[in-house]
Amino acid sequence: MPTLSSASFVLALLLVAATSTTVEAFSAAAATPGTIPSIIVGGGRIGSLLKDLGTDADVIVKRGEPIPSEPPSGPIYVCTRNDVLADVVAATPESRRGDLCFLQNGMLGEFIAEQGLPADTTQCLLYLAVPSLGAPPIDGITSLNPEGLTAADGKWAEELAGRLNRGNLKCNLKHGDDFMAAALEKHIFICATNVIGQLNGGVNFGEVYSSEKYAEQRNKLIDEMVAAGSKKIGVTPQPGTADRLAAYAASVADFPTGVKEFEWRNGWFYDISKKAMEAGEEDPMPFHTEALKTLDVL
């Protein structure tokens, strides 16, 4: 029976060690957060940003196109307007719907449940702005929240956070009630800021919070939304919502206000008022309701 010489034996050990090291190095690279080959639905400002932070294996899908079979696994980042979300779900094979990652504004919990998606479907609250296609993003880092305000939860939350971190963008992992409270606060920021801005001639985000002229309206509306929204979802944000929103508004001060996507934004709050009044109760957000009427939204 042939035997290995001492030299051959040593060489064989070195080859095994080298192969093992190569496999470990490959596995480490593959496991680097943010680099899993992904599908990105929508090639606008956010979709393009995610592609730039990803790898060459990523695939961008235009709105209305079916979800491709390759890559066969990994996140599917949905970077479209809210009004086509149902179409995106329908275009996604059932076996891949658990990989959908929603990055839209709005309280999406009811939509996710109605679509029959898993409870751990990934959601992200993006506190960052991309002024134009390809422009450097403005991260949601403030004096009150130096850790950033962007938060993600769900199956691919850690992977998404890793991708954002590749661009030096902050993303906090939050779960359960903590994520719901953060989602409500982000929703209030979008809905309240735009209403106050439009009530006062279309002033921008920064002026809504920096000017004392709007303080009474701003605080009244935020207080209404915190109380009514918290009652609806059973979770209350930490004290200091108005201060945190003001600090973030300063980082996107030049952004214009506008009341739009009513069904997904202010409509969520108005539905609370409508159901209360239909039940013979007082409107829990009378200032918000009157503001919508003044703006001819209702």
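Residues numbered from 1 in each chain as written. Predicted model: local features only at pLDDT ≥ 70, side-chain atom pairs only at ≥ 80, totals over all residues. Heavy atoms only, no water.

With respect to unusual backbone geometry
Backbone phi values are negative for most residues with the exception of glycine, while trans is the configuration of most peptide bonds. Each neighbour pair has its own omega, and for Glu-70 with Pro-71 the value is -5°, a cis peptide bond. Structurally, the position occupied by Pro-71 is in the loop between strand 2 (59-61) and strand 3 (76-78). A positive phi angle, close to 60°, is found at Asn-168, a residue other than glycine. Tracing the sequence through the fold places Asn-168 in the loop between helix 5 (157-165) and strand 9 (172-173). Note on Asn-168: relative accessible area 70%, which makes it exposed. (Helix = DSSP H or I, 4+ residues; strand = E, 2+ residues; numbered from the N terminus. Buried < 20%, exposed > 50% of the residue type's maximum accessible area, 1.4 Å probe, protein only.)

Some thoughts on the side chain of Thr-142
Following the sequence through the fold, Thr-142 ends up in the loop between strand 7 (138-139) and strand 8 (151-153). Given the relative accessible area of 8%, Thr-142 is considered buried. For Thr-142, the residues in contact, after removing those within four places along its chain, are Leu-149, Ala-247 and Tyr-248. (Contact = heavy atoms within 4.5 Å.)

Considering the packing of aromatic side chains
Inspection of every chain in the model, using the stated rule, returns seven aromatic pairs. Residues Phe-189 and Tyr-248 carry aromatic rings whose centres are separated by 5.1 Å and whose planes lie at 65° to one another, so their mutual orientation is edge-to-face. Linking Phe-189 in helix 6 (residues 176-199) with Tyr-248 in helix 9 (residues 241-251), this pair joins segments that are 59 residues apart in sequence. Side by side, Phe-189 and Tyr-248 carry an identical accessibility label, which is buried. Ring centres of Trp-268 and Phe-269 lie 5.0 Å apart, and the angle between their planes is 90°; this geometry places the pair in the edge-to-face category. Each member of the pair, Trp-268 as well as Phe-269, is classed as buried. Counting every residue linked through ring pairs, the aromatic cluster contains Tyr-127, Phe-189, Phe-205, Tyr-209 and Tyr-248. (Phe/Tyr/Trp six-rings, centres within 6.5 Å; stacked < 30°, edge-to-face > 60°.)

What about the pairing of strand 5 (residues 122-125)?
A two-sided burial pattern is seen for strand 5, the buried positions comprising Thr-122 and Cys-124 on one face and Gln-123 and Leu-125 on the other. The pairing of strand 4 (residues 100-102) with strand 5 spans two bridges and is classified as parallel. What sits directly across from Phe-102, in strand 5, is Gln-123. Of the crossover connections in this fold, the one passing from strand 4 over helix 4 (residues 109-114) to the parallel strand 5 is right-handed. (Pairing = 2+ DSSP bridges. Right-handed = clockwise from strand over helix to strand, strands pointing away.)

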